[in-house]
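The primary structure of each chain is shown beneath.
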Amino acid sequence: EVIQQWSAAHDRLSIWDYNVNFSHYLAPMPNMEVIADNIRFWVENHAIGVMTQGGYQSTSERDEMRSWVIAKLMWDPSRDQQALVDDFIAGHYGKAAPMIAEYDRLLVEAGKKHAKELAEPPGGIRYPMTVGFLSKEFLESATAIFARAKEAAAGDETLLRRVERAELPTLYVKLAQGPVSEELLTRFETVARREKVDWLLEWQVRLDQQLEAWRKQLPSQAAPTQ
């Protein structure tokens with residue numbers, strides 16, 4: 001409503017929007033469709049410039065794909081967002097593309113299933129890792145999909161690294177929800193450091209801080225029983 005009121009008053013608007021969870025940069029966020037719808041809405045209402053701010057401090061969830069798709073939509077807002085997503089996945093993930101596309105569909109469907117909650121989630125765009133769509137079922141399905149993706153990418157180091165990077169968000173949610181295991185923590189840390197993950201929560205929590213907090217949750221760190 002605010003945009004429409006400004007549009008009625010002026011024909012040259014500039015927009016600054018957000019497209020990531022700033023309290024959990026690596027959190028899964030099924031928002032590609034709404035990003036496309038928003039860009040079209042702004043164009044229809046006299047926007048001449050749009051900046052979509054993502055994980056500007058660090059590696060973030062689907063940042064490569066999101067940036068590529070948004071750039072294409074900036075050039076031509078009429079393009080089909082899902083077709084662009086599929087195009088990026090096919091070109092970026094090679095033999096593992098069918099599995100990454102399957103994960104994308106899983107994420108989209110989880111978002112639709114919990115659309116009411118995601119319309120006004122607790123914390124807004126900074127929703128917690130206990131939000132409904134990040135369910136046990138979602139994580140189990142995602143884990144199985146990424147296992148197959150890594151099998152498909154085996155033997156191609158570049159593709160395997162891309163798949164492991166794409167898996168970081170699900171590993172992050174597992175660690176955030178707990179329980180924390182040595183194997184899961186080591187796997188996350190190895191890929192996160194390689195992919196230059198730094199900030200996890202805007203201006204508050206960096207990778208080393210979060211890793212230390214998770215290490216304290218390991219069974220081996222628990223106080224001995226008397």
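For the structure, see preceding data.
Let us look at the structure shown here. (Residues numbered from 1 in each chain as written. Predicted model: local features only at pLDDT ≥ 70, side-chain atom pairs only at ≥ 80, totals over all residues. Heavy atoms only, no water.)

### Quick look at the side chain of Gln57
As for its placement among the helices and strands, Gln57 is situated in the loop between strand E2 (47-53) and helix H3 (63-75). There is a polar contact of 3.4 Å between the side chain of Gln57 and the backbone nitrogen of Trp203. With residues up to four places along the chain from it excluded, the contact list for Gln57 reads Tyr25, Asp198, Trp199, Glu202 and Trp203. (Helix = DSSP H or I, 4+ residues; strand = E, 2+ residues; numbered from the N terminus. Polar contact = N/O pair within 3.5 Å; in protein donor to acceptor, adjacent residues only side chain to side chain. Contact = heavy atoms within 4.5 Å.)

### Overview of the nonpolar core
Core analysis: the biggest nonpolar cluster contains 59 residues, and Ile89, Tyr93, Phe188 and Trp214 have the highest contact counts within it. Contributions of two or more residues to this core are made by helix H2 (32-44), H3, helix H4 (81-93), helix H5 (97-113), helix H7 (136-153), helix H8 (157-177), helix H9 (182-194) and helix H10 (207-215). Per-element accounting of this core gives the leading share, eight residues, to H8. With near-sequence residues (within four places) excluded, Trp214 lies in contact with Tyr172, Leu175, Ala176, Val180, Leu185 and Phe188. (Core = buried A, V, L, I, M, F, W, Y, C linked by side-chain atoms within 4.5 Å. Buried < 20%, exposed > 50% of the residue type's maximum accessible area, 1.4 Å probe, protein only.)

### Remarks on the pattern of salt bridges
Going through the model one piece at a time under the given rule, you end up with 20 salt bridges. With its nearest N and O atoms 2.8 Å apart, the salt bridge here joins Arg187 to Glu183. Taken together, the positions of Arg187 and Glu183, both in helix H9 and four residues apart, correspond to about one turn of that helix. A relative accessible area of 48% places Glu183 in the partly exposed class. A salt bridge links Glu189 to Arg215, with the nearest nitrogen and oxygen atoms 2.8 Å apart. Placement of Glu189 in helix H9 and of Arg215 in helix H10 is noted, with a sequence separation of 26 residues between them. The buried category is assigned to Glu189, whose relative accessible area is 17%. Judged by its relative accessible area of 29%, Arg215 falls in the partly exposed class. Ionic contacts of the salt-bridge type, sharing partners, join the residues Asp63, Glu64, Glu164, Arg165, Arg194 and Glu195 into one network. (Salt bridge = Lys/Arg side-chain N within 4 Å of Asp/Glu carboxyl O.)

### Some thoughts on H8
Helix length check: H8 (21 residues) gives 30 Å between terminal C-alpha atoms against 30 Å at 1.5 Å per residue, within 8%. Where H8 bends most, the angle comes to about 35 degrees, and this point is Leu168, followed within four residues by the proline Pro169. At the N-terminal end of H8, a side-chain oxygen is found 3.2 Å from the backbone nitrogen of Thr158, two or three residues along, and the residue is Asp156. Note on H8: the residue one or two positions beyond its end, Gly178, has a positive phi of about 75 degrees. (Expected span 1.5 Å × (residues − 1). Bend = angle between axes of the 7 residues up to and from the residue.)

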